[in-house]
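Residue strings, one per chain:
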Amino acid sequence: IVFLGNGPSGICLSYLLSGYIPYFKRDSLHPHPILQRKLEEAPDVSILDQDLEYLSEGLEGRSHSPVALLFDTLQRPDTDFGGTAESVLTWWHETDRAVPHLVLGRNAPGGAWHSIEGSMVTLSRGEWMGLPDLPFKDWLKQKRRGLRNNRATAEDIAQYYQHYVMKKGLQKNFRCGTVVTSVRKVSAESISTHAQKDLQENSDSLWNFNEKNTEVFQVDGFFKTRKGDKEPFSVYAENVVLATGTYDRPTWLGVKGENLSYVHHQLSALEEAVKNNSIGIMSDPVLIVGAGLTAADAILFAHHCNIPVIHVFRRRVSDPGLIFNQLPKMMYPEYHKVHQMMKEQSAACAGPYECYVSLPEHHVLSFGKDKKCIFQDKNGYQKAYKVSMALVLTGSNPNLSFLPNNGIDLAMDSDQPVNPKRNPIDVDPFTYECTQEKGLYALGPLAGDNFVRFVQGGALAVASSLLKKANKNPP
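Calculation notes
- Residues numbered from 1 in each chain as written.
- Predicted model: local features only at pLDDT ≥ 70, side-chain atom pairs only at ≥ 80, totals over all residues.
- Heavy atoms only, no water.
- Helix = DSSP H or I, 4+ residues; strand = E, 2+ residues; numbered from the N terminus.
- Buried < 20%, exposed > 50% of the residue type's maximum accessible area, 1.4 Å probe, protein only.
- Contact = heavy atoms within 4.5 Å.
- Areas by Shrake-Rupley, 256 points an atom, 1.4 Å probe, with all protein chains shown as cover.
- Core = buried A, V, L, I, M, F, W, Y, C linked by side-chain atoms within 4.5 Å.
- Patch = residues over 30% accessible without salt bridge, like charges linked within 9 Å, V, L, I, M, F, W, Y side chains within 5 Å.
- Salt bridge = Lys/Arg side-chain N within 4 Å of Asp/Glu carboxyl O.
- Lys, Arg positive; Asp, Glu negative; His and termini not counted.
- Charge placed at Lys NZ, Arg CZ, Asp CG, Glu CD.
- Polar contact = N/O pair within 3.5 Å; in protein donor to acceptor, adjacent residues only side chain to side chain.
- Phe/Tyr/Trp six-rings, centres within 6.5 Å; stacked < 30°, edge-to-face > 60°.
- Lys NZ or Arg CZ within 6 Å of the ring centre and 35° of its normal.
- Axes fitted to C-alpha atoms, helices over the stretch in contact; angles between N-to-C directions.
- Parallel < 35°, antiparallel > 145°, perpendicular 65-115°, else oblique.
- Left-handed = near helix turned anticlockwise from the far one by under 90°.
- Nonpolar A, V, L, I, M, F, W, Y, C, P; charged D, E, K, R; others polar.

Enquirer: Talk me through the overall build of the chain; I want residue IDs and the actual numbers.
Expert: Secondary structure summary: the chain contains ten helices and 22 strands in total. Out of the 475 residues belonging to the chain, those deemed buried represent 52%. Within the chain, residue pairs in contact and separated by at least 24 positions form 69% of the contacts whose partners lie at least 6 positions apart. For the chain, the exposed surface amounts to about 22600 Å²; the carbon and sulfur share of it is 50%.

Enquirer: Can you lay out the nonpolar core for me, pointing to particular residues and giving the numbers?
Expert: Counting residues in hydrophobic clusters, the biggest one holds 88 residues, and the most contacted among them are Leu4, Leu13, Leu17, Tyr161, Val183, Leu242 and Ile425. For this core, the element with the most residues is helix α10 (residues 452-469), which contributes nine residues. Sequence-distant contacts of Val183, defined by excluding residues within four places in its chain, comprise Leu4, Phe217, Gln218, Val219, Val240, Phe402, Leu403 and Pro404. If you look at the next biggest cluster of nonpolar residues, it comprises 31 residues, including Ala296, Leu327, Tyr335 and Tyr356.

Enquirer: Could you give an account of a negative patch on the surface, naming the residues involved and the relevant values?
Expert: Taken together, Asp51, Glu53, Glu57 and Asp428 make up a surface patch of like negative charges. Tracing the chain through its elements places Glu57 in the loop between α3 (52-56) and α4 (66-75).

Enquirer: Please set out the side chain of Ser464 residue by residue, giving values where relevant.
Expert: With respect to the element layout, Ser464 can be found in helix α10. Residue classification places Ser464 among the buried residues on the basis of a relative accessible area of 4%. Engagement of the side chain of Ser464 in a polar contact is seen with the backbone oxygen of Leu48, the distance being 3.0 Å. The residues contacting Ser464, other than those within four sequence positions of it, are Leu48 and Leu52.

Enquirer: Could you give me a rundown of the packing of aromatic side chains, with the residues and numbers involved?
Expert: The full count for this structure, using the stated rule, is twelve aromatic pairs. Ring geometry for Phe136 and Tyr160: centres 5.1 Å apart, planes at 90 degrees, overall edge-to-face. You can see Phe136 sitting in helix α5 (residues 136-142) and its partner Tyr160 sitting in helix α6 (residues 154-167), a full 24 residues away along the chain. Taken together, a centroid distance of 5.3 Å and an interplanar angle of 45 degrees make the contact between Phe223 and Phe233 tilted. Placement of the pair is Phe223 in strand β9 (residues 215-224) and Phe233 in strand β10 (residues 230-237), with a sequence separation of ten residues. For Phe233, a relative accessible area of 3% puts it in the buried group. Each member of the aromatic cluster is reached from another via a ring pair, and the members are Tyr15, Tyr20, Phe71, Trp91, Phe136, Trp139, Tyr160, Tyr161 and Tyr164. When the ring centre of Tyr54 is taken as reference, the NZ or CZ atom of Lys38 above it lies at 4.8 Å.

Enquirer: With reference to specific residues and values, describe the packing of helix α7 (residues 268-275) against helix α8 (residues 293-304).
Expert: For the pair α7 and α8, the least separation of the axes is 10 Å and the interaxial angle reads 15 degrees. Between α7 and α8, the interaxial angle falls into the category roughly parallel. The handedness of the crossing between α7 and α8 is left-handed. For the pair formed by α7 and α8, the contact residues are Leu270, Glu271 and Val274 on the first element and Ala298, Phe301 and Ala302 on the second. In terms of residue class, the contact of α7 with α8 is built from five nonpolar, no polar and one charged.

Enquirer: Can you lay out the pattern of salt bridges for me, pointing to particular residues and giving the numbers?
Expert: Counting across every chain of the model gives eleven salt bridges. For Asp72, the salt bridge is made with Arg76, and the minimal N-O distance between the two is 3.1 Å. In this structure, Asp72 and Arg76 share a single accessibility class: buried. Between Asp284 and Lys386 there is a salt bridge; the shortest N-O distance is 3.8 Å. Note that Asp284 is positioned in the loop between α7 and β14 (286-289) and Lys386 in strand β19 (residues 382-386), a separation of 102 residues in sequence. For Asp284, a relative accessible area of 36% translates into the label partly exposed. Each of Asp72, Arg76 and Arg453 takes part in one network of salt bridges that share partners.

Set out below in structure tokens:
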């Protein structure tokens, strides 16, 4: 089994396939009485071997995935009500149930968390960032640190995920610094003569194919060596898990001049410019396009550095789809402040905030070579502003260029590119196997699960399915 992606989804699945098996903890009491009754029916059968559809039936919460809600409520029974009830799971290490697997990732374990500015604070509460059987808060306590406003920094989370892999002894399954260039189905006969660079030196071979399987997946790519060389590899597997997330490719507006050197698509460009003193208090304003949390982080960063900002976004400030209108004010005071600025400081009427102008219901028409940007409002009126740099922060898309047709055939709508929010990969809700391609699984944002606390249910579903396929079920 090969996983592509070593973020929280991949780490959690590696834990489950390394023989760590969850059982209902005897004498524990779950606040959901119907779930409690179901759990008491078969206390000696692990959760992985039970009927996940039956256990998750009737659960409600902040995810559309039944198994995501199930695994979350087993680990954090009353967290949505502010409670701190302990997990009702106990974990047993049953080494005979481990399934050989390989986790390929570009970065260190933790995936995209290593690419995010370290001081950024998470949207989710800190305890929701934790993985099974090693609470994030306990790890922070060992570092003699606490959570700021119940939330954690990206740097802490990236370190925690690396620590988790070491602490749970999973590192032998991980190959970092790898880039996958192609995943395709080939006939099993055609590969027996193929020279395979076996990545798993210390583990069981991947060659014990099920005789019934006439087709397997060939995964091609390269390692980045310490010297900076690219060393190619090919691996063959009966099952491949896509867990590459969505952080790869920032969304472009597709307007004239967007490829000019002052137009950027990542927040890090602003941090870099401030560090280099190429922009400062006396500069022309920075243009920030977008009304999501990354745009808000950019506004907060610029505000903190006293850098003037022009903020352009398509929606109305009161639009219920705007993320700010969905966040509790008490828990997210800094995002509430940005939302207030967006409301009170439009170009039409000066407000109390210096160095910030909001242009709701506007879109960018073009970026000029002279750094003059032209916007248009909903009535067709145009405005021009001179800026020092532009940041287009309107989300990102997964990079699935290693799949045939960029993975479009696997999506819910096979005429459109895969998009975590609008068009995820079509998977079976209780196994996370792609409906269009057996043996291929999708996890995390690719399958529509966008929060760490909910990606773990997908890992539970995949592990349950793969253990059945590998005949690793208990007698």
